[in-house]
Amino acid sequence: MATNSLDWIDTELAKLEQHDLLRKLVCRETPQTVSVQIDGKRLINFSANDYLGLAADPRLSKAVADALRSDAWGAGASPLVTGRSQRHAELERAIARFEGTEAALLFPTGFAANTGTIAALVGRGDVVFSDQKNHASIIDGCRLSRAHVEVYPHADVDALQTALKSSGAARRRLIATDGLFSMDGDIAPLAALCQLTEEHDAMLLVDEAHATGVFGEHGRGTCEHLNVESSVDVRIGTLSKALGTVGGFVAGSQRLIDWLANTSRPYVFSTATPEAICAAAIQSLQIVQNEPQRRQELLGQALRLRNGLADRGWNLGNSASQIVPLFIGDPGSTMDMARELSQRGLAVPGIRPPTVPVGESLLRISLTYLHTREMIDQLIECLNDLRSNSTL
Ligand SMILES: *Cc1c(COP(=O)(O)O)cnc(C)c1O
């Protein structure tokens, strides 16, 4: 029988609602692509991280269907027991080849890759230096590690240097950063971070979740884009954004991968990914390598969008990518604008605390390869129209 022990939740949910911070579950009624139906309404989709437009690509569905003809669905055990199949091994080799690293390790999600890797690299007596705008999975990894956590102001290399200088007594030092920041769409100062890493005998972890498949000549991410790959020991990626599937990975040296396979708790204690998903990811990596025009055109469209909005006076922060934030400030106005855009047929999510700091609520536009020039122009027109009708 139900007890009243969870009554407090009603109070807390009411508080969230009162502060415009209550999330409602949405349900998409059509496949995840550039146009989606929600609540019976068609929307042009500026909300997905499906940057290369692969989530609904029939080639991925076919790879899954083909795999299911020969493989069964479930992996049934953690990788170290009997969960890891030839297909997992094939995908890990494909990731390592793509990334140009000795080895790679597959995790259930990018979230697990971050928490599991950080907690395996540092512990008590160590210090982890974390950018203030890092993704939740890096933040949680830092907490789980039990290392001392030094959060430095966003992209502030001088503050990081000062913090590193006063960490002399620590056993190990790890600097952890998003390569491309998930809400601001700006790129970490990786060259400076690499230099500090070397000067202070630290390790550097770069999370390429939003940059894999998008940045760099071969689509390997921001480290390739800024030509620092050889100085970054630990690269994290996800299969769930530009690659259109699901899963996370770590790419690096064989000894790094050996260590993680032995000690990373989400790797050791979670069931391996279904093999058919590996087949989809292998297909997706091939598309990323064979169709560079997807990332090239995406970044071209993103530049057009940013120029179009900046010309009309929108505050885009330092966005330099396919992620374009419009800084609004308070959560109420942000959600009002998101609702208004939705009424006009455009899905642009409002992002509120705790995803962003208090006072920094924003509309997060994310572009994909499938957006047309007309769709982008429609978005710009609509935003300008909204603003001229309001106090923003
Ligand atoms: C989305 C995201 C992750 C998590 O990846 P999933 O595969 O979705 O779990 C990790 N880091 C960053 C920066 C992200 O944006």
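Our subject is the structure listed above.
Quick summary incoming for the structure in this document. (Residues numbered from 1 in each chain as written. Predicted model: local features only at pLDDT ≥ 70, side-chain atom pairs only at ≥ 80, totals over all residues. Heavy atoms only, no water.)

### Some points on helix α2 (residues 58–70)
Okay, step 1: Its 13 residues give α2 an end-to-end C-alpha distance of 19 Å, which sits within 8% of 18 Å, the value for a rise of 1.5 Å per residue.
Okay, step 2: Check the buried side of α2 and you find it contacts α4 (86–99) and α12 (275–290).
Okay, step 3: Structurally, the start of α2 carries an N-cap: the backbone nitrogen of Arg59 is 2.8 Å from a side-chain oxygen of Asp57. (Helix = DSSP H or I, 4+ residues; strand = E, 2+ residues; numbered from the N terminus. Expected span 1.5 Å × (residues − 1). Contact = heavy atoms within 4.5 Å. Polar contact = N/O pair within 3.5 Å; in protein donor to acceptor, adjacent residues only side chain to side chain.)

### Looking at the site of the ligand
Okay, step 1: Within the structure, the ligand sits among 15 residues, and Gly110, Asp207, His210, Thr238 and Lys241 are positioned closest to it.
Okay, step 2: The side chain of His210 places a nitrogen or oxygen atom 2.4 Å from an oxygen atom of the ligand.
Okay, step 3: The fraction of the free accessible surface of the ligand (380 Å²) that becomes covered by protein chains is 86%.
Okay, step 4: Among the elements that line the shell around the ligand, the one with the most residues is helix α5 (residues 110–121), at three residues.
Okay, step 5: Taken together, the residues of the shell around the ligand break down into two nonpolar, ten polar and three charged. (Near = heavy atom within 4 Å. Areas by Shrake-Rupley, 256 points an atom, 1.4 Å probe, with all protein chains shown as cover. Nonpolar A, V, L, I, M, F, W, Y, C, P; charged D, E, K, R; others polar.)

### Here's the deal with the sheet that holds strand β4 (residues 127–131)
Okay, step 1: Spatially, the seven strands line up as an open sheet ordered β3-β9-β8-β7-β6-β4-β5, and their pairing is mixed. Lying at the two open borders of the sheet, with one neighbouring strand each, are β3 (103–107) and β5 (148–152). Each strand axis lies, on average, 20° off the axis of its neighbour in the sheet, ignoring direction.
Okay, step 2: Judged from the five bridges that link them, strand β6 (residues 173–178) and strand β7 (residues 203–207) form a sheet pairing that is parallel. Note on β7: the bridge partner recorded for Leu174 is Met203.
Okay, step 3: The strands touched by α4 are β3, β8 (234–238) and β9 (248–252); relative to β3, the strand with the most contacts, the crossing angle is about 125°. (Pairing = 2+ DSSP bridges. Axes fitted to C-alpha atoms, helices over the stretch in contact; angles between N-to-C directions.)

### Remarks on the side chain of His88
Okay, step 1: Structurally, His88 can be placed in helix α4.
Okay, step 2: Exposure remark for His88: the relative accessible area of 3% places this residue in the buried category.
Okay, step 3: Within the structure, His88 has its side chain in polar contact with the backbone oxygen of Thr273 (distance 2.6 Å).
Okay, step 4: Those residues in contact with His88 that sit more than four places away from it in its chain are Gly83, Leu106, Ala272, Thr273, Glu275 and Cys278. (Buried < 20%, exposed > 50% of the residue type's maximum accessible area, 1.4 Å probe, protein only.)

### Quick look at the pairing of β3
Okay, step 1: In terms of burial, β3 is a largely internal element, five of the five residues being buried.
Okay, step 2: Burial along β3 is two-sided: Ala103, Leu105 and Phe107 facing one way and Ala104 and Leu106 facing the other are all buried.
Okay, step 3: Direction of pairing for β3 relative to β9: antiparallel, over a ladder of five bridges. Pairing of Ala103 across the sheet is with Gly252, part of β9.

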